[in-house]
Amino acid sequence: MLETTIAAIRAADEGAMAAARELHGRLTKPAGSLGALEELSVRLAGLAGVCPPPLPEPAAVAIFAGDHGVHAQGVSPWPQEVTAQMIGNFLAGGAVVNAFARQAGASVTVVDVGVATPLPTDPAVLDPAVLDPAVPRLVVASVRQGTRDLTVTAALTRDEALAAVQTGIRIADELIDASAGILLTGDMGIGNTTPAAVLIAAFTGADPLDTTGRGTGVDDPTYAHKVAVVRAALARHTPDPADPLGVLAAVGGLEHAALAGLILGAAARRTPVLLDGVIAVSAALAAAAFAPAAVDAMVAGHRSAEPGATVALRHLGLDPLIDLGLRLGEGTGALLALPVVTGAVRVLHEVATFDSAGVAEK
């Protein structure tokens, strides 16, 4: 599945991008007056291979959840059981991501790809072919109950990492088959900013001090320890960025690997993926290592307050749409950026040209 998905990913269509730029020049507005929105709409035309590109709707958020063996190293003050408890909150509609998803009319799919403790709820029997913004759904696709401690051994075997990547590809296909016009990345996993920091350092070559943040808000001693853990993991495994599956296996999380698969699956289907925070962009680095053209499907929703996110976005060549100092995860920043993406495309569909409106040009 991974090989065929990668083979299906193609670079942006230059003809469609040129057509979008030409159309922008004829719309009733000064050239370039919409700033970054114009280039975003051009990129989306290139992804779709047509101008104007399809409206990015309906929107579907995929929240991948997993736990981490490195939690045993004291990198987070939160107990690991919170991962499973938050899944219950997502399914009950009580999390921030649910509030923002209702506002945006986006569906929410929660995927247990590796939670370590029992879930507080059973999977609802929901039709995967129907995206219902009012009813979050749970998909149980657990590869294993949390990763191993990456400071001691590889977090995953290559087969486990591959299974998680392929789960993400499958979820992308399911959501797109159910009519999703844009996918939004979400994540949940206590301790997951530590493997994200290791992934970003591995793929970019940046120093761990620049890729490691405070996650859920650790104090100074815990932060210093967290940086040391990231350094130790890199020294132990010396991950090779030319082998993205190996990097994910050695130092990644199950949700990171699944998010990489989601991005690859969307890129293969020429469907945009709106990236959330540091977990998403660390996974995006892996996706880009698998298939460089996958970057053409990525839209950076926001700049996370986690420093590694800026490092990763710079490496990917992506500019975030909003910068609000967010660091929650779940898909919240991506959801807040969604109207910006929709607006960028709607301009190409609905704004009159100078000729059609009878407006004189300069």
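An account of the accompanying structure is given in this report.

Moving on: the nonpolar core. In globular proteins that are soluble, nonpolar side chains generally tend to be buried together. Counting 81 residues, the largest nonpolar core has L183, L275 and M298 as its most contacted members. Among all residues touching L275, those that are not within four sequence positions of it are T185, I263, A280, V281, A284, M298, V299, A300, G301, H302, L318 and A334.

Turning to the layout of surface pockets, a few remarks are in order. Within this model, the largest pocket holds a volume of roughly 500 Å³. If you trace the largest pocket, you find 28 residues lining it, with M188, N192, T216, R327 and L328 closest to the centre. Looking at the lining of the largest pocket, the elements with two or more residues in it are α4 (82-92), β4 (182-188) and α12 (278-290). Of the residues that constitute the lining of the largest pocket, the class distribution is 10 nonpolar, 11 polar and seven charged. Of the voids in this model, the second largest pocket is the one considered here, and its volume is about 180 Å³.

The next subject is the side chain of T194. Structurally, T194 is set in helix α7 (residues 193-204). With residues near it in sequence (within four places) discarded, T194 still touches V70, V75, K226, V229 and V230.

Attention now goes to the packing of helix α10 (residues 244-251) against α12. If you want to describe how two helices pack, look at the angle between their axes and the distance between the axes. Their axes nearest at 9 Å, the elements α10 and α12 cross at an angle of 150°. Here α10 is positioned roughly antiparallel relative to α12, judged by the angle of their axes. Of the residues in α12, those in contact with P244, L245 and L248 of α10 are A286, A289 and F290. Among the residues forming the contact of α10 with α12, the class breakdown is six nonpolar, no polar and no charged.

A few words on the sheet that holds strand β5 (residues 273-275). Taken in spatial order, the six strands line up as β3-β2-β1-β4-β5-β6 in an open sheet, and their pairing is parallel. Every interior strand has two partners, whereas the edge strands, β3 (137-140) and β6 (298-300), have only one. Averaged over neighbouring strand pairs, the angle between their axes works out to 25° when direction is ignored. Taken together, the seven bridges between strand β1 (residues 59-66) and β4 define a ladder with parallel strand orientation. Bridging across to β4, A59 finds its partner in I182. Where helix α11 (residues 254-268) meets the sheet, it contacts β1, β2 (107-114), β4, β5 and β6, and its direction lies at approximately 155° from that of β1.

What counts, and at which threshold
Residues numbered from 1 in each chain as written. Predicted model: local features only at pLDDT ≥ 70, side-chain atom pairs only at ≥ 80, totals over all residues. Heavy atoms only, no water. Core = buried A, V, L, I, M, F, W, Y, C linked by side-chain atoms within 4.5 Å. Buried < 20%, exposed > 50% of the residue type's maximum accessible area, 1.4 Å probe, protein only. Contact = heavy atoms within 4.5 Å. 1 Å grid on protein atoms, 1.4 Å probe; cavity = no way out; pocket = protein on both sides within 12 Å on 5 of 7 lines; lining within 4 Å. Points joined across faces, edges and corners; volume = space filled by probe spheres on them. Helix = DSSP H or I, 4+ residues; strand = E, 2+ residues; numbered from the N terminus. Nonpolar A, V, L, I, M, F, W, Y, C, P; charged D, E, K, R; others polar. Axes fitted to C-alpha atoms, helices over the stretch in contact; angles between N-to-C directions. Parallel < 35°, antiparallel > 145°, perpendicular 65-115°, else oblique. Pairing = 2+ DSSP bridges.

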